[in-house]
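Structural overview
Listed below, chain by chain, are the residues.
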Amino acid sequence: MQVIASLEELTKARQNWPRAGSLGFVPTMGYLHRGHLSLAQQARTENATVVASIFVNPTQFGPNEDLARYPRDLPRDLALLEGAGVDVVFTPEASAMYPPGFATYVEPTGTLAERLEAATRPGHFRGVATVVSKLFLLVGPDRAYFGQKDAQQVAIIRRMIADLNLPVDLRVMPIVREADGLAMSSRNAYLNPEQRVAATILSRALEAGRVAFDQQRNAGSTSPEAIAQVRKAMERALASESLAALDYADVCHPDTFVPLDAPTAPALLAIAAKVGPARLIDNYLLRADGSWDVGVRVGK
Ligand code: PAF
């Protein structure tokens, strides 16, 4: 496995990558967990060459967010990526990605870039869209792999690929969960043992939302009140955990993030809450065919 830190070296290395076969790309911010590894493993099965990046992107963090303390462990990450069969890891410095005078951003707009994560984290998706565009241009992938846990990020990247005619096939892999349902996240490292137990409330609230959604759907409800009931089911569940503070519980269209006004497919149940020092997000996806994607639980 080749580890490349400089942009110039990456450009040179690209000339030696096999011309035949596709290139799969897995962008990450490091501190890898099994969710990231599922992306790398899927990329390995689908491509001749697999490139991953590790870059804690400063432009997607707000001034009061956790950029400085975001967990990092490069030696461990490199060993995990090597084990997953990745060919090249790109680990640029912030000063190379954003040199002095940097002034050009990719700015998502519209409902998708205004609600939920965007409302709580102003500028976040501008930073994500900008760095993902830059990484796509530097790496030149045929396919790029993202996790469904960041559902709004996935929708924004999908929109960006379509709007900017980027020749990249977006591959989205299911949420990987701990055995007790907690969605894997690098930020779970912030939780102490008590908070770690409490954090399962996010997936339990989504489960309550799913049950309420299916009840409303099976009863043939078509009114906005049905959606209010689903939201309330999630809010009630979340409120039962004193260590968790709800940011939002929402029912929306998974591509546009426009709130739903009836329990129809496709739909996204999305939740965000603070548990101790960690702000956590999670979601359940109701696909267009009416089946649920609730992610996959893995054992200890
Ligand atoms: O999902 C992430 O880890 C980041 O937002 C990404 C896509 C690597 C961009 O910095």
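Higher on the page you've got the structure.
Residues numbered from 1 in each chain as written. Predicted model: local features only at pLDDT ≥ 70, side-chain atom pairs only at ≥ 80, totals over all residues. Heavy atoms only, no water.

Things to note about the packing of aromatic side chains
Under the convention used in this document: Centres within 6.5 Å are what make two rings of Phe, Tyr or Trp a pair, Trp counting through its six-membered ring; a difference in plane orientation under 30 degrees is then read as stacked, over 60 as edge-to-face, and the rest as tilted. In our convention, an over-ring charge means Lys NZ or Arg CZ found within 6 Å of a ring centre and within 35 degrees of that ring's normal.
This model, assessed by the stated rule, comprises seven aromatic pairs. Measuring from centroid to centroid gives 5.2 Å for Phe 102 and Tyr 105, while their planes differ by 90°, and the two rings are edge-to-face. Ring-pair connections join several aromatic residues into one group, and the members of that group are Phe 55, Tyr 98, Phe 102 and Tyr 105. The ring centre of Tyr 105 lies 3.8 Å from the NZ or CZ of Arg 126, which sits over that ring.

Here's the deal with the site of the ligand
Short version of the rule: Put simply, a residue is near a molecule or strand once any heavy atom of it comes within 4 Å of that molecule or strand. The term polar contact refers here to a pair of N or O atoms within 3.5 Å; inside protein, the definition further demands a hydrogen-donor-capable atom paired with an acceptor-capable atom, and it admits residues adjacent in sequence only when both atoms are side-chain atoms. Working definition of accessibility: Shrake-Rupley area with a 1.4 Å probe, residue cover restricted to the visible protein chains. Residue polarity is assigned by list, with Asp, Glu, Lys and Arg as charged and Ala, Val, Leu, Ile, Met, Phe, Trp, Tyr, Cys and Pro as nonpolar; anything else, Gly included, falls into the polar class.
Residues in close proximity to the ligand include Pro 27, Thr 28, Met 29, Asn 57, Gln 60, Val 131, Phe 146, Asp 150 and Gln 153, which together make up its full environment. Between the ligand and the protein, one listed contact pairs an oxygen atom with a side-chain N or O atom of Gln 60 at 2.6 Å. Taking Gln 153, its side chain carries an N or O atom lying 2.7 Å from an oxygen atom of the ligand. About the coverage of the ligand: the protein hides 90% of its 290 Å² of free accessible area. In the shell around the ligand, the residues fall into four nonpolar, four polar and one charged.

Thoughts on the sheet that holds strand 9 (residues 267–275)
Condition: Pairs of strands are assigned from DSSP output, requiring at least two bridges between the strands. Labels follow the DSSP assignment, with helices taken as runs of H or I lasting at least four residues and strands as runs of E lasting at least two, numbered in each case from the N terminus. Contact criterion: two residues are considered in contact whenever any of their non-hydrogen atoms come within 4.5 Å of each other. Note on geometry: axes are C-alpha line fits, over the in-contact stretch for helices, and angles between N-to-C directions span 0 to 180 degrees.
If you trace the four strands from one edge of the open sheet to the other, you get 8-9-10-11, paired in antiparallel fashion. Each edge of the open sheet carries a strand with a single partner, namely strand 8 (244–252) and strand 11 (292–293). Summarising the sheet, strand 9 and strand 10 (residues 278–286) pair through nine bridges and their orientation is antiparallel. When the bridges of strand 10 are listed, Ile 271 appears paired with Asp 282. Sheet strands touched by helix 10 (residues 224–239): strand 8 and strand 9. Its angle to strand 8, the strand with the most contacts, is close to 160°.

Notes on the pattern of salt bridges
We apply this condition: We define a salt bridge as a side-chain nitrogen of Lys or Arg found within 4 Å of a carboxyl oxygen belonging to Asp or Glu.
As enumerated under the stated definition, the model contains 16 salt bridges in all. The salt bridge partner of Asp 169 is Arg 143, with a shortest N-O separation of 3.8 Å. Linking Asp 169 in strand 6 (residues 169–173) with Arg 143 in strand 5 (residues 143–147), this pair joins segments that are 26 residues apart in sequence. With its nearest N and O atoms 3.0 Å apart, the salt bridge here joins Arg 196 to Asp 180. Of this pair, Arg 196 sits in helix 8 (residues 193–198) while Asp 180 sits in the loop between strand 7 (176–177) and helix 8; the two residues are 16 residues apart in sequence, bridging distant segments of the chain.

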